[in-house]
Amino acid sequence: MASASAKQAPKLVSKTSAGGAGAAGAGGGPPVIPLASPLMGKKKKPFLGMPAPLGYVPGLGRGATGFTTRSDIGPARDANDPVDDRHAPPGKRTVGDQMKKNQDEDEEDLNDTNYDEFNGYAGSLFSSGPYEKDDEEADAIYAALDKRMDERRKERRELREKEEIEKYRMERPKIQQQFSDLKRKLAEVSEEEWLSIPEVGDARNKRQRNPRHEKLTPVPDSFFSKHLQTGENHTTVDPLQGLGGLNTPYPGSMTPGLMTPGTGELDMRKIGQARNTLMDMRLSQVSDSVSGQTVVDPKGYLTDLNSMIPTHGGDISDIKKARLLLKSVRETNPHHPPAWIASARLEEVTGKLQVARNLIMKGTEMCVKSEDVWLEAARLQPGDTAKAVVAQAARHMPQSVRLYIRAAELETDVRAKKRVLRKALENVSKSVRLWKTAVELEEPEDARIMLSRAVECCPTSVELWLALARLETYENARRVLNKARENIPTDRHIWITAAKLEEANSNTQMVDKIIDRAITSLRANGVEINREQWIQDAEECDKAGSVATCQAVIRAVIGIGIEEEDCKHTWMEDADSCVAHGALECARAIYAHALQVFPSKKSVWLRAAYFEKNNGTRESLEALLQRAVAHCPKAEVLWLMGAKSKWLAEDVPAARSILALAFQANPNSEEIWLAAVKLESENNEYERARRLLAKARSSAPTARVFMKSVKLEWVLGNIEAAQELCTEALKHYEDFPKLWMMRGQIEEQCENMDKAREAYNQGLKKCPHSAPLWLLLSRLEERVGQLTRARAILEKARLKNPQSPELWLESVRLEFRAGLKNISNTLMAKALQECPNSGNLWAEAVFLEARPQRKTKSVDALKKCEHDPHVLLAVAKLFWSERKITKAREWFLRTVKIEPDLGDAWALFYKFELQHGTEEQQEEVRKRCENAEPRHGELWCAESKHVLNWQKKTGEILAGVASKIKNTF
């Protein structure tokens with residue numbers, strides 16, 4: 001406030017002076033301060049005209065405090081406070097610095113050092129004065145003059161500056177310009193020369209390349225124990241002292257009894273001993289005072305104890321703690337067997353085997369009727385002593401099967417084992433386990449005698465009955481199984497074994513009867529027929545080679561518990577499940593039963609035919625197809641499968657006869673006409689193929705028939721005939737795009753680019769939504785060098801066919817081939833926005849990215865199109881490019897499994913195996929591809945549909961496509 005008052009003082013003085021001295025104010029000069037005199041004192045106060053004292057505020061005496069603004073007192077900040085601008089330069093980062101700068105700007109520097117003879121002072125002498133309208137006009141006039149003078153010499157000055165810059169650049173060129181000629185020569189460097197360039201070595205010195213890491217050595221426990229013992233007088237705790245105050249009403253408080261005398265530090269040894277003693281006392285308090293039985297959960301307690309026992313040289317303190325706890329358990333309840341077993345095992349782990357033996361033998365005295373304790377004692381004792389222990393245990397527990405089994409295991413001689421087991425069977429004749437163990441040691445004849453006795457003692461054991469039946473002759477086995485059924489009328493395995501017995505002895509007509517009787521008998525005895533269990537038994541019979549039994553079981557149970565409308569669907573699922581489990585005969589039986597129930601269902605015949613094609617023989621397939629066409633004569637695909645099977649077996653006359661029968665059943669069928677044409681053309685019977693096509697065009701004219709006619713003349717080299725047929729076909733089917741494509745491609749082959757362009761354009765007028773036509777026209781323009789026209793065609797195509805991934809993909813590739821990678825990336829981003837679920841686009845986008853970003857892009861692609869084969873193929877190629885062979889093979893297998901019709905996947909997989917696989921792996925891929933017979937794929941179609949490759953088989957096309965693939969990804 002003092003500074004503010006001081007600033008206000010001149011204002012007060014000037015106002016007073018102006019009011020009191022009118023003459024002076026009128027004169028315009030500085031106010032004259034009147035002298036104080038006695039004469040003037042009567043009229044005027046002596047302080048008028050004088051400067052106000054420091055801190056003076058007018059009117060403060062009469063209570064008029066007035067008001068003060070922020071401009072009067074300055075900013076409400078300390079001088080050291082930071083300013084709001086976080087990036088202020090040094091010297092302007094605090095409020096004080098800013099205020100000092102403003103004061104410096106207000107005061108002009110009129111020092112002689114700031115004066116120039118020509119320009120005068122560097123600053124303006126009148127900057128502190130008012131800036132009026134005439135000053136503004138003068139500044140505008142001077143600015144206009146400066147601008148006019150500047151424009152007069154502007155061109156000359158700019159030209160001079162440009163020459164100076166060029167001269168400077170020539171004298172001091174940039175590094176980029178110095179190497180521009182060398183960079184142009186890089187285009188001539190071959191891939192081999194580039195790869196032969198040596199790697200840049202590591203320029204760092206040895207110390208920088210191999211920095212020494214800080215080594216930390218752990219301090220041994222002996223160091224701490226030695227220093228802990230320096231100030232202690234005694235190392236024991238008297239239990240009668242109540243643990244030195246540990247059992248106080250304030251838990252957690254430190255007691256003086258745990259301090260090392262003379263040091264004031266904690267004695268760790270005393271703490272450990274006190275904790276053990278405390279645990280002992282608490283365990284004693286837990287025991288029931290009436291019965292002496294512990295109320296601790298023994299299972300949970302011993303589980304905790306087992307977790308404490310070190311398995312391989314654990315901490316000594318943990319072992320001591322576990323030993324003390326187990327001792328407490330034994331003393332609290334000495335008749336608790338797990339306590340003795342755990343104690344013995346603890347000592348065994350710590351290496352004190354004799355102590356463990358002594359403990360467990362004491363345990364056998366305390367727990368005489370415990371099998372576990374006796375078995376543990378036998379395990380810990382050496383051989384002869386263990387036998388004596390087991391013998392003693394058997395005297396105490398003559399009905400214990402486990403003890404007899406252990407006694408037999410301890411014997412090394414087979415006769416001694418038999419003797420022990422026979423003695424055991426005298427005492428425990430009802431034990432199935434003992435009988436099975438004893439029978440396993442006998443010869444087949446003695447085993448049969450023992451089993452006959454075993455089934456008398458244990459008549460409810462299915463295993464013993466079945467084992468006896470296996471050892472008996474056919475007639476005796478039948479009698480044994482009949483007795484077994486009488487004793488155990490509720491078990492299905494006896495019936496199934498009986499059926500297998502009949503089948504093994506070539507009595508197959510009894511198999512179905514036995515299975516039917518089994519179902520009836522089990523139902524009569526209240527057994528629920530579980531369909532899934534019976535099918536599993538049938539699969540086991542199939543794997544064991546009992547085909548008739550397996551088929552009989554399937555026929556008997558396949559329809560149990562299924563609604564009529566669900567039969568077909570459920571049976572097809574059962575057949576697929578059996579095929580997945582390798583039970584082919586079960587699947588065949590299911591299909592056979594389904595075909596009996598649904599003889600006119602084309603889909604069931606097809607499923608059965610594909611099953612036989614993949615898993616059966618050619619004869620079984622042809623027999624099935626003959627039955628199929630008899631029941632479904634209108635099913636063209638079944639006729640065609642039969643004809644193809646004969647053709648693959650090189651039985652062309654049989655194939656022709658099948659197709660002739662198919663014509664009779666399906667007159668004027670397009671598929672059968674074309675199949676007949678293909679059969680003749682593949683066998684080089686071109687004239688017969690032409691005649692068939694001519695008949696088809698007259699009797700059953702379709703666009704496909706015309707197309708195949710044109711294709712046949714084209715591949716045979718009759719270009720004029722092909723063009724005539726194409727023209728004739730377009731008169732009838734002008735909206736069929738493939739005819740326009742073939743017309744344009746024939747003209748391109750003849751190098752008539754204008755006619756080809758005209759054909760494509762005419763086709764697009766009739767078929768504007770055919771993406772392949774747009775692509776062919778665009779590639780034609782690109783081939784003749786009209787890049788702009790190709791780009792325009794694709795843009796027009798995208799307008800007429802929105803959300804077409806093929807057109808977007810071609811646009812991206814067009815820009816990429818033209819070297820405009822930035823534009824291709826932009827187009828790809830737009831394409832993914834318009835077609836976010838297109839696997840083709842995502843697969844291309846992965847390899848448009850730089851190598852470090854490809855993995856991230858592939859993850860995004862998998863999120864959007866998880867099961868798309870193109871994305872899976874792109875991921876496989878990515879792993880291949882990173883030399884991750886195993887992962888690449890896994891992803892290739894996944895791709896061809898999801899989409900076996902994608903020829904590109906097979907070709908890339910085959911190329912991959914040619915580089916990184918064995919001959920067996922290559923052959924496996926080739927065979928799988930031939931079985932799949934792929935038809936689609938960009939690279940595959942380019943090879944398979946080429947006019948020169950029209951007669952090539954799948955394996956030849958696979959090799960051709962693989963040879964053209966380059967590892968450019």
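Residues numbered from 1 in each chain as written. Predicted model: local features only at pLDDT ≥ 70, side-chain atom pairs only at ≥ 80, totals over all residues. Heavy atoms only, no water.

Q: Explain the overall build of the protein chain residue by residue, including any values.
A: Scanning the protein chain from N- to C-terminus turns up 54 helices and 2 strands. Here the protein chain, with 969 residues, has 35% of them falling under the buried criterion. Contacts spanning at least 24 positions in sequence make up 51% of the contacts within the protein chain whose residues lie at least 6 apart. Summing over all exposed atoms, the protein chain offers an accessible surface of approximately 60,700 Å²; the carbon and sulfur share of this is 52%. (Helix = DSSP H or I, 4+ residues; strand = E, 2+ residues; numbered from the N terminus. Buried < 20%, exposed > 50% of the residue type's maximum accessible area, 1.4 Å probe, protein only. Contact = heavy atoms within 4.5 Å. Areas by Shrake-Rupley, 256 points an atom, 1.4 Å probe, with all protein chains shown as cover.)

Q: Outline the nonpolar core, listing residues and values.
A: In terms of nonpolar packing, the biggest core is built from 119 residues, with Trp435, Trp534, Ile554, Val557, Trp571 and Leu638 touching the most fellow members. Setting aside residues up to four positions removed in sequence, Leu638 forms contacts with Trp605, Leu606, Leu625, Ala628, Val629 and Cys632. Ranked by size, the runner-up nonpolar core spans 34 residues in total, among them Ala729, Leu776, Leu777 and Ala790. (Core = buried A, V, L, I, M, F, W, Y, C linked by side-chain atoms within 4.5 Å.)

Q: Describe the packing of aromatic side chains, listing the residues and the values that go with them.
A: Taken as a whole and judged by the stated rule, the model has 9 aromatic pairs. Seen in terms of ring centroids, Phe879 and Trp891 are 6.3 Å apart; in terms of plane orientation they differ by 40 degrees. Their pairing is tilted. On the criterion of sequence distance, the pair formed by Phe879 in helix 49 (residues 869-881) and Trp891 in helix 50 (residues 885-898) is long-range, its members being 12 residues apart. Given a relative accessible area of 13%, Phe879 falls into the buried group. Among the residues examined, Trp891 registers a relative accessible area of 13% and is labelled buried. On the basis of an interplanar angle of 10 degrees and a centroid distance of 5.4 Å, the ring pair of Phe892 and Phe909 is categorised as stacked. Linking Phe892 in helix 50 with Phe909 in helix 51 (residues 903-916), this pair joins segments that are 17 residues apart in sequence. (Phe/Tyr/Trp six-rings, centres within 6.5 Å; stacked < 30°, edge-to-face > 60°.)

Q: Tell me about the packing of helix 40 (residues 719-732) against helix 41 (residues 737-749), and name the residues and values.
A: One can describe the packing of helix 40 onto helix 41 by two numbers: an axis separation of 10 Å at closest approach and a directional angle of 150 degrees. One finds that helix 40 runs roughly antiparallel with respect to helix 41. When you trace helix 40 past helix 41, the crossing you get is left-handed. Of the residues in helix 41, those in contact with Ile719, Ala722, Gln723, Cys726, Thr727, Ala729 and Leu730 of helix 40 are Leu739, Trp740, Arg743, Ile746, Glu747 and Gln749. In terms of residue class, the contact of helix 40 with helix 41 is built from 8 nonpolar, 3 polar and 2 charged. (Axes fitted to C-alpha atoms, helices over the stretch in contact; angles between N-to-C directions. Parallel < 35°, antiparallel > 145°, perpendicular 65-115°, else oblique. Left-handed = near helix turned anticlockwise from the far one by under 90°. Nonpolar A, V, L, I, M, F, W, Y, C, P; charged D, E, K, R; others polar.)

Q: Quick one: what's the story with helix 49, residue by residue and with numbers?
A: An ideal rise of 1.5 Å per residue puts 18 Å on 13 residues; helix 49 measures up with 18 Å between its terminal C-alpha atoms. Most of helix 49 is tucked away, with 12 of its 13 residues classed as buried. On the buried face of helix 49, the contacting elements are helix 47 (839-848), helix 48 (851-864), helix 50 and helix 51. Put simply, Asp868 is the residue that caps the front of helix 49, since its side-chain oxygen is 2.9 Å from the backbone nitrogen of His870. Directly beyond the C-terminal end of helix 49, a positive phi value near 65 degrees is found at Arg883. (Expected span 1.5 Å × (residues − 1). Polar contact = N/O pair within 3.5 Å; in protein donor to acceptor, adjacent residues only side chain to side chain.)

Q: Describe the packing of helix 52 (residues 919-932) against helix 54 (residues 954-964), with residues and values.
A: For the pair helix 52 and helix 54, interaxial distance at closest approach is 9 Å and the crossing angle is 125 degrees. Judged on the interaxial angle alone, helix 54 and helix 52 are oblique. Here helix 52 runs over helix 54; the crossing is right-handed. Across the interface between the two elements, Arg926, Cys929 and Glu930 of helix 52 pack against Thr954, Gly955 and Leu958 of helix 54. Considered class by class, the residues forming the contact of helix 52 with helix 54 number 2 nonpolar, 2 polar and 2 charged.

Q: So, a nonpolar patch on the surface: which residues are in play, and what are the values?
A: On the surface, a cluster of nonpolar side chains totalling about 510 Å² of accessible area is made up of Leu186, Val189, Trp194, Leu195 and Ile197. On the secondary structure map, Val189 appears in the loop between helix 9 (180-185) and helix 10 (191-195). (Patch = residues over 30% accessible without salt bridge, like charges linked within 9 Å, V, L, I, M, F, W, Y side chains within 5 Å. Salt bridge = Lys/Arg side-chain N within 4 Å of Asp/Glu carboxyl O.)

Q: Kindly report on the UniProt feature "repeat: TPR" (unreviewed entry) in the protein chain, identifying the contributing residues and their values.
A: Annotation from UniProt places "repeat: TPR" (unreviewed entry) at residues 737-770. When the span residues 737-770 is considered, its composition is 79% helix and 0% strand, and the gap between its end C-alpha atoms is 7 Å. (UniProt positions renumbered as here; feature names shortened; annotations may be inferred.)

Q: Explain the environment of Glu866 to me, using residue names and the numbers behind them.
A: Along the chain, the position of Glu866 falls in the loop between helix 48 and helix 49. Overall, Glu866 belongs to the exposed group, its relative accessible area being 52%. The spacing of Glu866 and Asn837 is 29 residues in sequence and 9.7 Å in space, taken between C-alpha atoms.

Q: Could you give an account of unusual backbone geometry, naming the residues involved and the relevant values?
A: Even without a glycine there, the phi angle at Arg883 is positive, about 65 degrees. Tracing the backbone shows Arg883 in the loop between helix 49 and helix 50. Although it is not a glycine, Glu933 sits at a positive phi angle of roughly 50 degrees. Look at Glu933 and you get partly exposed, because its relative accessible area is 22%.

Q: With reference to specific residues and values, describe a negative patch on the surface.
A: There is a patch of like negative charges on the surface, built from Glu132, Asp134, Glu136, Glu137 and Asp139. Along the chain, Glu137 falls in helix 6 (residues 133-152). Taking the relative accessible area as the measure of exposure, Glu137 reaches 47% and is therefore partly exposed. (Lys, Arg positive; Asp, Glu negative; His and termini not counted. Charge placed at Lys NZ, Arg CZ, Asp CG, Glu CD.)

Q: Got a sec to walk through a positive patch on the surface? Specific residues and values, please.
A: Side chains of Lys678, Lys708, Lys738, Arg935, Lys945 and Lys953 sit close together on the surface and give a patch of like positive charge. Looking at Arg935, the relative accessible area reads 42%, which means it is partly exposed.

Q: Any chance you could break down helix 46 (residues 821-834) for me, citing the residues and the numbers?
A: Each full turn of the α-helix corresponds to 3.6 residues, which orients residues three or four apart in the same direction. Compared with the 20 Å implied by 1.5 Å per residue over 14 residues, the 20 Å span of helix 46 between its first and last C-alpha is a close match. Residues Ser824, Leu827, Met828, Ala831 and Leu832 constitute the buried set of helix 46. The arc enclosing the buried residues of helix 46, seen along the axis, measures out at 135 degrees, which places them on a common side. The exposed residues of helix 46 that point more than 90 degrees off its buried face are Asn822 and Gln833. (Arc of directions from axis to C-beta.)

Q: Describe the side chain of Ser370, listing the residues and the values that go with them.
A: When you line up the elements, Ser370 lands in the loop between helix 18 (353-366) and helix 19 (371-380). Within the structure, the side chain of Ser370 is placed 3.4 Å from the backbone nitrogen of Val373, a separation counted as a polar contact. Contact partners of Ser370, with chain neighbours within four places excluded, come to Pro337 and Met397.

Q: Please provide a residue-by-residue account of the pattern of salt bridges, values included.
A: As enumerated under the stated definition, the model contains 38 salt bridges in all. Arg588 is the salt-bridge partner of Glu612, the closest N and O atoms lying 2.9 Å from each other. Taken as a pair, Glu612 in helix 33 (residues 602-615) and Arg588 in helix 32 (residues 584-597) lie far apart in primary sequence, 24 residues in all. Classification of Arg588 as partly exposed rests on a relative accessible area of 23%. Residues Glu671 and Arg704 are paired through a salt bridge, measuring 3.0 Å at the closest nitrogen-oxygen approach. Taken together, the positions of Glu671 in helix 37 (residues 670-682) and Arg704 in helix 39 (residues 703-715) put the pair 33 residues apart, joining distant regions of the chain. Under the relative-accessibility criterion, Arg704 is labelled partly exposed at 30%. One salt-bridge network, in which partners are shared between bridges, spans Arg345, Glu348, Glu376 and Arg379.

Q: A description of the environment of Ser881 should follow, citing residues and the corresponding values.
A: By the element assignment, Ser881 lies in helix 49. Residue Ser881 is classed as buried on the basis of its relative accessible area, which comes to 14%. Separated by 86 residues in sequence, Ser881 and Asn967 place their C-alpha atoms 7.8 Å apart. A polar side-chain atom of Ser881 sits 2.6 Å from the main-chain carbonyl oxygen of Leu878.

Q: Break down the confidence of the model for the protein chain for me, citing the residues and quoting the values.
A: In this model, the protein chain carries a mean pLDDT of 77, and residues with pLDDT of at least 70 account for 79%. Counting interchain partners and residues more than four positions distant, the pLDDT-below-50 stretch residues 1-41 has 27 contacts. (pLDDT = per-residue confidence, 0-100.)

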